[in-house]
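Observations on the model geometry
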Amino acid sequence: MLLYSLFGASILLVLVCLGLIFVNNNKQAAATQAKQKQLQEAQQQLSILRSEVAEMRAGMLSIGKRVVAVEEKSKELEQLQDAQKYDDPNAKIYSRAVKMVELGADLEEIIRECELPRAEAELLMSLHKQKGAE
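Residues numbered from 1 in each chain as written. Predicted model: local features only at pLDDT ≥ 70, side-chain atom pairs only at ≥ 80, totals over all residues. Heavy atoms only, no water.

Our focus in this paragraph is the overall build of the protein chain. Within the protein chain, the secondary structure is distributed over four helices and zero strands. Along the protein chain, helices (α) and strands (β) appear in the sequence α-α-α-α when read from the amino end. Against the globule reference of 14 Å for 134 residues, the protein chain gives a C-alpha radius of gyration of 44 Å, more extended than a compact globule. With respect to the three principal axes, the spread of C-alpha positions in the protein chain is 140 × 30 × 20 Å. Relative to its 134 residues, the protein chain shows a buried fraction of 10%. For the protein chain, contacts bridging at least 24 residues in sequence account for 19% of all contacts bridging at least 6. (Helix = DSSP H or I, 4+ residues; strand = E, 2+ residues; numbered from the N terminus. Rg over C-alpha atoms; globule rule 2.2 N^0.38 Å. Buried < 20%, exposed > 50% of the residue type's maximum accessible area, 1.4 Å probe, protein only. Contact = heavy atoms within 4.5 Å.)

According to UniProt, the "transmembrane region" (unreviewed entry) feature falls on residues 6–23. Between the C-alpha atoms that bound residues 6–23 the distance is 25 Å, and the span itself is 100% helix and 0% strand. (UniProt positions renumbered as here; feature names shortened; annotations may be inferred.)

With that settled, the discussion passes to unusual backbone geometry. Backbone geometry at Glu115 places phi at a positive 55°, although glycine is not the residue there. Here Glu115 lies in the loop between helix H3 (107–114) and helix H4 (118–133).

Our next topic: the nonpolar core. One finds Ala97, Met100, Val101, Ala105, Leu107, Ile110, Ile111, Cys114, Leu116, Ala121, Leu124 and Met125 forming the largest nonpolar core, which totals twelve residues. The greatest single-element share of this core, amounting to four residues, is contributed by H3. Those residues in contact with Ala121, other than ones at most four positions away along the chain, are Leu107, Ile110 and Ile111. (Core = buried A, V, L, I, M, F, W, Y, C linked by side-chain atoms within 4.5 Å.)

Another point: the UniProt feature "coiled-coil region" (unreviewed entry) in the protein chain. The feature "coiled-coil region" (unreviewed entry), as given by UniProt, occupies residues 25–59 in the numbering adopted here. Taken end to end, residues 25–59 has its terminal C-alpha atoms 51 Å apart, with 100% of it in helix and 0% in strand.

Turning our attention to the pattern of salt bridges. Following the criterion strictly, the structure yields three salt bridges and no others. Between Glu76 and Lys73 there is a salt bridge, and its shortest N-O distance comes to 3.9 Å. Of the two residues, Glu76 and Lys73 both sit in helix H1 (residues 2–87), three residues apart, roughly one turn of that helix. Linking Glu108 and Arg118 is a salt bridge whose minimum nitrogen-to-oxygen distance equals 2.6 Å. Placement of Glu108 in helix H3 and of Arg118 in helix H4 is noted, with a sequence separation of ten residues between them. For Arg118, a relative accessible area of 41% gives the class partly exposed. (Salt bridge = Lys/Arg side-chain N within 4 Å of Asp/Glu carboxyl O.)

Right, let's talk about the environment of Gln44 for a bit. By the secondary structure assignment, Gln44 is in helix H1. Put simply, Gln44 and Val16 are 28 residues apart on the chain and 42 Å apart in space, counted from C-alpha to C-alpha.

Quick look at the structure:
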């Protein structure tokens, strides 16, 4: 009888252990599934982010090309403007008058040397004083 009760208790103990193992395996399986779902979501987000980065890179390259084109056009326009400044005799006179004002020449000297009307010479002097005040 004692042997049967020990045998019964052993079987009961084995069943309890098997039950615990089964419950533990179910928890591990659920945890594994949850981790796999998180991994899939992270991979999807990574894919989306990579796509967005590629779009941004393409946009930046396009903007870079436009900036280079604008800089080239700006240099070209600056060169044309400089060339026109030296081609126009009136521009030379005004450039010289501005230089004289910057060097501190008086009004009469600017009128005489640059052959400017008094009003224009006074205007140049006034503009130069305003620039100096700023």
